[in-house]
Amino acid sequence: MKECLILGKPNSGKTLFLLNFAEYLGYRELEMIVEEPGGNRHRKSYDLAGARMTLVSPTPHHTRALQVVQLKVPKGKSRCDVALTDTTGLCEGIHESATIRRSMVQTLRRLREIQVVLHLIDGSRVGTVGAPEAMGDLDHQLARFATGRLGYAIIVNKMDLPGAGAGLASVRSTFPYHVIIPMSALRKQGFREVKAFVGRFF
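Predicted model, so just to flag it, every value in this text is computed and none were measured.

Participant: Pulling in residues and values, what's your account of helix H2 (residues 48–55)?
Facilitator: For H2, the set of buried residues is Leu48, Gly50, Ala51 and Leu55. The buried residues of H2 occupy an angular sector of 155° when the element is viewed end-on, so they sit on one face. The secondary structure elements touched by the buried residues of H2 are helix H1 (14–24), strand E2 (29–35), strand E3 (41–47) and strand E4 (66–75). Its side-chain oxygen at 3.2 Å from the backbone nitrogen of Ala49, Asp47 defines the N-terminal cap of H2.

Participant: Break down the pattern of salt bridges for me, citing the residues and quoting the values.
Facilitator: In the structure shown here, the tally under the stated rule is 11 salt bridges. With a shortest N-O distance of 3.6 Å, Lys9 and Asp139 are connected by a salt bridge. One end of the pair, Lys9, is in the loop between strand E1 (2–8) and H1; the other, Asp139, is in helix H4 (residues 137–146), with 130 residues separating them in the sequence. As far as the burial class goes, Lys9 and Asp139 line up, both buried. As a salt-bridge pair, Lys188 and Glu23 come within 3.0 Å of each other at their nearest N and O atoms. In this pair, Lys188 sits in the loop between strand E8 (179–182) and helix H6 (191–199) while Glu23 sits in helix H1, placing the two residues 165 residues apart along the sequence. Note on Lys188: relative accessible area 29%, which makes it partly exposed. On the accessibility criterion, Glu23 (19% relative accessible area) is buried. Here the residues in one salt-bridge network are Glu3, Glu35, Arg41 and Arg110, joined through shared partners.

Participant: Before we move on, can you summarise the pairing of E4 with the specific residues and values?
Facilitator: Where E2 meets E4, 4 bridges bridge the pair, whose relative direction is antiparallel. For Met32, the partnering residue across the bridge sits in E4 and is Val69.

Participant: Account for empty space enclosed by the protein, with residues named and values stated.
Facilitator: Taken as a whole, this structure holds 1 cavity of 30 Å³ or more when the rule is applied. In terms of lining residues, the largest cavity is bounded by Lys9, Ser12, Leu120, Ile121, Asp122, Glu133 and Asp139. Of all the elements, strand E6 (residues 116–122) adds the most residues to the lining of the largest cavity, at 3 residues. Among the residues forming the lining of the largest cavity, the class breakdown is 2 nonpolar, 1 polar and 4 charged.

Participant: Pulling in residues and values, what's your account of the side chain of Gln106?
Facilitator: Along the polypeptide, Gln106 turns up in helix H3 (residues 98–113). According to the relative accessible area criterion, Gln106 is buried, its value standing at 12%. Other than its neighbours up to four places away in sequence, Gln106 contacts Glu35, Glu36, Pro37, Ala65 and Leu66.

Criteria and thresholds
Residues numbered from 1 in each chain as written. Predicted model: local features only at pLDDT ≥ 70, side-chain atom pairs only at ≥ 80, totals over all residues. Heavy atoms only, no water. Buried < 20%, exposed > 50% of the residue type's maximum accessible area, 1.4 Å probe, protein only. Helix = DSSP H or I, 4+ residues; strand = E, 2+ residues; numbered from the N terminus. Arc of directions from axis to C-beta. Contact = heavy atoms within 4.5 Å. Polar contact = N/O pair within 3.5 Å; in protein donor to acceptor, adjacent residues only side chain to side chain. Salt bridge = Lys/Arg side-chain N within 4 Å of Asp/Glu carboxyl O. Pairing = 2+ DSSP bridges. 1 Å grid on protein atoms, 1.4 Å probe; cavity = no way out; pocket = protein on both sides within 12 Å on 5 of 7 lines; lining within 4 Å. Points joined across faces, edges and corners; volume = space filled by probe spheres on them. Nonpolar A, V, L, I, M, F, W, Y, C, P; charged D, E, K, R; others polar.

What follows is the structure, given as structure tokens:
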């Protein structure tokens with residue numbers, strides 16, 4: 001089964017996207033494989049409402065392991081099998097927490113193995129000076145590293161928030177040669193375009 005990796009800075013909306021995208025595809029319950037940085041793997045079952053309460057948080061780095069959900073994504077008249085993987089938020093510089101550093105290393109190692117990448121950017125915080133979510137060098141590095149992949153798209157999330165329109169324009173001018181999809185994970189807006197993009201590579 002091919003895998004699609006969800007990348008981005010902390011609080012860019014990666015986990016909420018994973019859960020709401022699954023709901024958009026018709027899922028009401030999920031079987032999630034959690035891969036800890038130390039190598040331990042275990043399965044967890046969630047109903048989607050419970051998953052949102054447990055897994056989504058405004059606290060940065062709430063996700064500290066790879067969270068893999070196997071989904072059937074519509075493609076024409078058929079469906080393709082996709083392993084959609086949520087990751088730890090990546091940050092500029094070296095994080096003070098050794099636990100979070102290990103989680104980020106795990107994410108970057110997985111990135112080297114993956115051909116399809118969704119790179120989430122918080123559109124409402126793109127130009128906010130000093131904000132951890134602001135677009136910066138890390139986003140440029142991810143774009144350069146992932147460009148040669150089979151599929152790479154920049155997903156400008158939180159388009160439902162003030163300032164996201166200006167953020168989207170900034171992302172488009174900064175990355176003029178990349179696929180850019182505006183989205184609101186909260187409102188499930190832009191999911192059709194994300195589904196079509198993912199379906200091209202599976």
